[in-house]
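# Descriptive analysis of the structure
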Amino acid sequence: VSCSGVCAEIGNTGGVSATHVILRRCELMNSVSHGLTILCGGSGNSSDYCEVLACRVHNNGSTSSSIGINIESSHNVVDGNTIYDNFTSGIQVFRSSGIAGVACTANVIRNNRVYANCVGNSGSGIFITTGADNEVYNNLSYLNGVANVKTGRGIRLDTSATGTLVYNNTCH
């Protein structure tokens, strides 16, 4: 899928949330914004329990807020993907005004190859900014970081991410 806006958005429309959505073996590329966004709506409507499996997500974004895969909801699985050449971060778990234990909780990010992101801005391969009890494991994250420098920031946790487990990853 080559896009001019967000390639794919799993969200809610009219108060109805899309849950238990599976994207498998998709290619999400050339969006001017995020490659994929899994939204968390208001009033308790959230697109939870979604899976992104064996996808290629690349060459997305043109602004400092453009992410390969942007997760704003809970209980999602991102597994076995190849994510590269996105404007800011490759994978981000973030919700503006997110509350630990309520938003962005219990997401699993595993077995992904995340590299060469942050092509136009500083960012990270994998960035967990908020939420509780997320897990990040068995990922390979490399050559991510500040634009054109590509140092550090393989996996980054913010202070609003509580109880997040990060283990068995390789970053360089």
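To be clear, the structure that these remarks concern was listed above.
### Observations regarding the nonpolar core
- Among the nonpolar cores identified, the biggest contains 24 residues, and Leu36, Ile38, Ile69, Ile91, Ile109, Ile126 and Ile128 are the most heavily contacted of them.
- Contributing elements (two or more residues each) for this core: strand S1 (8-10), strand S6 (36-38), strand S9 (69-71), strand S12 (91-93) and strand S15 (126-132).
- Dropping the residues within four chain positions of it, Ile69 is found in contact with Leu36, Val52, Val57, Val78, Ile83, Gly90, Ile91 and Gln92.

### So, the side chain of Thr129
- Along the chain, the position of Thr129 falls in strand S15.
- Discounting chain neighbours no more than four positions away, the residues touching Thr129 are Gln92, Val93, Phe94, Asp158, Ser160 and Ala161.

### Side note on the environment of Ile83
- Examined against the element boundaries, Ile83 turns out to sit in strand S11 (residues 82-84).
- Taking the relative accessible area as the measure of exposure, Ile83 reaches 0% and is therefore buried.
- The spatial distance from the C-alpha of Ile83 to the C-alpha of Leu28 is 9.5 Å, given a sequence separation of 55 residues.
- Contact partners of Ile83, with chain neighbours within four places excluded, come to Val57, Ile69, Gly90, Ile91, Arg113, Val114, Tyr115 and Asn117.

### Brief notes about the sheet that holds strand S17 (residues 140-142)
- The strand order S5-S8-S11-S14-S17-S20 describes an open sheet built from six strands, whose pairing is parallel. Because the sheet does not close on itself, it has two edges, and the strands there are strand S5 (27-29) and strand S20 (170-171).
- Direction of pairing for S11 relative to strand S14 (residues 113-115): parallel, over a ladder of three bridges. For Ile83, the partnering residue across the bridge sits in S14 and is Val114.

### Looking at the environment of Gly61
- Within the secondary structure, Gly61 sits in the loop between strand S8 (56-58) and S9.
- The contacts of Gly61, once residues within four sequence positions are left out, are Ser31, Val32, Ser33, Ser66 and Phe87.

### So, the pairing of S15
- Where burial is concerned, most of S15 is hidden: seven out of the seven residues are buried.
- Pairing between S15 and strand S18 (residues 155-162): six bridges, direction parallel. Counterpart to Ile128 in the pairing with S18 is Leu157.

### Some details on the packing of aromatic side chains
- Taken as a whole and assessed by the stated rule, the structure comprises three aromatic pairs.
- Ring geometry for Tyr115 versus Tyr142: centroids 5.2 Å apart, planes at 5 degrees, classification stacked. One end of the pair, Tyr115, is in strand S14; the other, Tyr142, is in strand S17, with 27 residues separating them in the sequence.
- The buried category is assigned to Tyr115, whose relative accessible area is 17%.
- Ring geometry for Tyr137 against Tyr167: centres 5.0 Å apart, planes inclined by 5 degrees, an arrangement best described as stacked. Here Tyr137 is found in strand S16 (residues 135-137), whereas its partner Tyr167 is found in strand S19 (residues 165-167), with 30 residues between them in sequence.

Calculation notes
- Residues numbered from 1 in each chain as written.
- Predicted model: local features only at pLDDT ≥ 70, side-chain atom pairs only at ≥ 80, totals over all residues.
- Heavy atoms only, no water.
- Core = buried A, V, L, I, M, F, W, Y, C linked by side-chain atoms within 4.5 Å.
- Buried < 20%, exposed > 50% of the residue type's maximum accessible area, 1.4 Å probe, protein only.
- Helix = DSSP H or I, 4+ residues; strand = E, 2+ residues; numbered from the N terminus.
- Contact = heavy atoms within 4.5 Å.
- Pairing = 2+ DSSP bridges.
- Phe/Tyr/Trp six-rings, centres within 6.5 Å; stacked < 30°, edge-to-face > 60°.

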